[in-house]
Number of protein chains: 2
Amino acid sequence: MHALLTQEARGQYTAEYSSKSRRAWTRRLLVASAAGAAAWFCSAAHAEVKKVAYPEVKVTIDNAYKPDAAFDQMHAAFAREHHEVFEVLIEIDTDGHRSGIRPDEAALLDVARVLDAGNVRLGGVLTHAGASYQCDTPAALRSIAEQERSGCVFAAERIRAAGLPCPVVSVGSTPTALSATHLDDVTEVRSGVYVFFDLVMSNVGVCTTDDIALSVLTTVIGHQSTTGSAIVDAGWMAMSCDRGTARQKRDYAYGQVCSVDGTVLPGYLLSAVNQEHGIVSHENMLDGGNGRRFPVGTRLRILPNHACATGAQFLKTLRQLIENPLLLVY
Amino acid sequence: MHALLTQEARGQYTAEYSSKSRRAWTRRLLVASAAGAAAWFCSAAHAEVKKVAYPEVKVTIDNAYKPDAAFDQMHAAFAREHHEVFEVLIEIDTDGHRSGIRPDEAALLDVARVLDAGNVRLGGVLTHAGASYQCDTPAALRSIAEQERSGCVFAAERIRAAGLPCPVVSVGSTPTALSATHLDDVTEVRSGVYVFFDLVMSNVGVCTTDDIALSVLTTVIGHQSTTGSAIVDAGWMAMSCDRGTARQKRDYAYGQVCSVDGTVLPGYLLSAVNQEHGIVSHENMLDGGNGRRFPVGTRLRILPNHACATGAQFLKTLRQLIENPLLLVY
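What comes next is a walk through the structure. (Residues numbered from 1 in each chain as written. Chains lettered and ligands numbered in written order. Predicted model: local features only at pLDDT ≥ 70, side-chain atom pairs only at ≥ 80, totals over all residues.)

With respect to the sheet that holds strand β7 (residues 216-223) of chain B
In space, the six strands of this closed barrel follow the order β7-β8-β11-β10-β9-β12 (chain B), with antiparallel pairing throughout. Ignoring which end each strand starts from, the neighbouring axes of this sheet average 45 degrees apart. (Pairing = 2+ DSSP bridges. Helix = DSSP H or I, 4+ residues; strand = E, 2+ residues; numbered from the N terminus. Axes fitted to C-alpha atoms, helices over the stretch in contact; angles between N-to-C directions.)

Brief notes about the pairing of strand β11 (residues 278-282) of chain B
Across a regular strand the side chains alternate sides, sitting on one face of the sheet and then on the other. Residue and element names in this part refer to chain B. Counting buried positions along β11 gives five out of five residues, so the element sits mostly inside the fold. Taking every second residue as pointing to the same face, both faces of β11 are buried, with Gly 278, Val 280 and His 282 on one and Ile 279 and Ser 281 on the other. Across three bridges, strand β8 (residues 230-232) lies against β11 in antiparallel orientation. Following the sheet pairing, Ile 231 is matched in β11 by Ile 279. Here five bridges tie strand β10 (residues 264-273) to β11, and the two strands are oriented antiparallel to one another. Looking at β11, one finds that Leu 270 is bridged to Val 280. Hairpin remark: β10 followed by β11, antiparallel, with four residues in the connecting loop. (Buried ≥ 20, exposed ≤ 12 C-beta atoms within 10 Å, placed from the backbone.)

Some words on the packing of helix α4 (residues 107-117) of chain B against helix α5 (residues 138-161) of chain B
All names here are of chain B. Closest axis-to-axis distance for the α4/α5 pair is 10 Å, and the angle between their directions is 55 degrees. Overall, the two elements α4 and α5 adopt an arrangement that is oblique. With respect to the hand of their crossing, α4 and α5 are arranged in right-handed fashion. Residues Leu 108, Leu 109 and Ala 112 of α4 lie in contact with α5, whose contacting residues are Ala 155, Arg 158 and Ile 159. Residues belonging to the contact of α4 with α5 are distributed by class as follows: five nonpolar, no polar and one charged. (Parallel < 35°, antiparallel > 145°, perpendicular 65-115°, else oblique. Left-handed = near helix turned anticlockwise from the far one by under 90°. Contact = placed C-beta atoms within 7 Å. Nonpolar A, V, L, I, M, F, W, Y, C, P; charged D, E, K, R; others polar.)

Let's talk about the pairing of strand β5 (residues 168-171) of chain B
Residues and elements named next belong to chain B. Alternating positions in β5 separate into two faces, Val 168 and Ser 170 on one and Val 169 and Val 171 on the other, with burial throughout. Pairing between strand β4 (residues 121-127) and β5: three bridges, direction parallel. Directly across from Gly 124, in β5, lies its bridge partner Val 168. Handedness of the crossover joining β4 and β5 through α5 is recorded here as right-handed. (Right-handed = clockwise from strand over helix to strand, strands pointing away.)

A few points about the sheet that holds strand β12 (residues 299-303) of chain A
All names here are of chain A. Taken in spatial order, the six strands of this closed barrel run β7-β8-β11-β10-β9-β12, and their pairing is antiparallel. Each strand of the sheet is rotated relative to its neighbour by a mean of 45 degrees, with strand direction disregarded. Sheet topology places strand β9 (residues 256-259) next to strand β10 (residues 264-273); two bridges connect them, and they run antiparallel. Looking at the pairing, Cys 258 lines up with Val 264 of β10.

Structural data, given as structure tokens:
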């Protein structure tokens, strides 16, 4: 659970600090995935909370909460000790993609009633339409965004109709956050990676490669004598192993190569990675190999498939950004 | 380059600390990939060196070193300031896999002569037979190990025959370190990930799954109602996105599921991962879905495809191990 906390926190750093794009809608939100994890989560969270001034900790739940005297006692003691009553959100499954309770499922009201009667505060409902990552047309994106919104709002209305509180209606994924035609009755949009964007999102169609605000600066350190491909000092430790574009309409291998000023060099990809080495080559092996084009010492920028995965490889840099949001990192 | 340093250091942590296997041959060695990077590298390295007591910093080179008055001056000043003369190893390409100078190439002696005449210490030769990762029979492994050894030794002999020093003959990759029939004239074996091992190495055939000394402890936090698959709190932030077994004889998806005591549960894989969530399912969907077998709260261990990539996701834990090698981390 400690790792989960740190990782969620990383996600927030990514979402909230960018020198290029400042359109974050994200509220500061930490989410754990099981009531049983709450004690662990908060014990770790409080240390972090002080550091980055997170105003709130929330817990999502998608199973009937089974009160247990011993657990409830521990839970209440922990909450007292930290002057905290856990706010619990019920996860709603609006697209059959991963987890949650379907908006029309009978269990929804059972869970809401148990929570409302327990030692926690029933905060509302939350959904994540992960299926939106498979979309790549504006019409499909608008449709899944509306499906996410209307499903979550319907779940909230059912809870309220049963006489229970449901103040929060939280929706979000990067594609849907960018594609909603309206957000009526939604109280919170979790906007994912969209202050940075990445190649996956450009394939989905919610940004262009020019919008991508996170890149890895690398240096040409050699060439393969047989192929002429350039060897750079950015491997999977820098980029991550994420191959999120592999099954999309445009496969960028491990990243799109740009000149140091960020101009895309069409056809040049980070075609392969080892731990500390990457291979830069033209997808059609043009220019008679890359050797002549990129001498040793040339600095290049690589746009990532997945900004979350690449950003998480540079935690120290992200921490520096937290401490000084105006810092420019080269 | 700072990232490279940190990442190389991580690799060493992985190689040197294991509570299960203590067969490390690895000498403490940091390797940068270009002479031009040396100043950066060492400036970052010295901070680390103090912390973890690395006794040496080495630099590998696989291109003719072109002395330049300005660079040489900076280089010499830096070396003086840090009471350091860089030891430079020449990278030898023994398998056409990535980079280096071939053992019989004329350029080898040119590079050795330039280095010997420069402000650095010619340390010797180094190779990494990365092609060994594609092997999966004992005969093929023995053959590539001998190819790696004999190629590197031959390069050293050529340098010595030209009247130049070549004290270090460094070979290594995890598969070849485990498969060499003899190591005559080799002075150093870089043993890779083999104090931990992983699923990639079990496919290569140099270990069994029972030898794997690194796993991620995770908890079942829910179930998919439609498929019965279990949802755990280990996604790619915990395991990494490494899919190193994808093209091997046994594809483990994102990891092999074990009970909490480390017993392999045959057929159960971490079949999919999101950032913080993983899906555990039986590859043939046996047992009527996994719901009944793994109730919420069940703790499981996941064996990783690639111990380096998974270990690098837990830098804090590895740091704790450095500070207290006897610490057991659950």
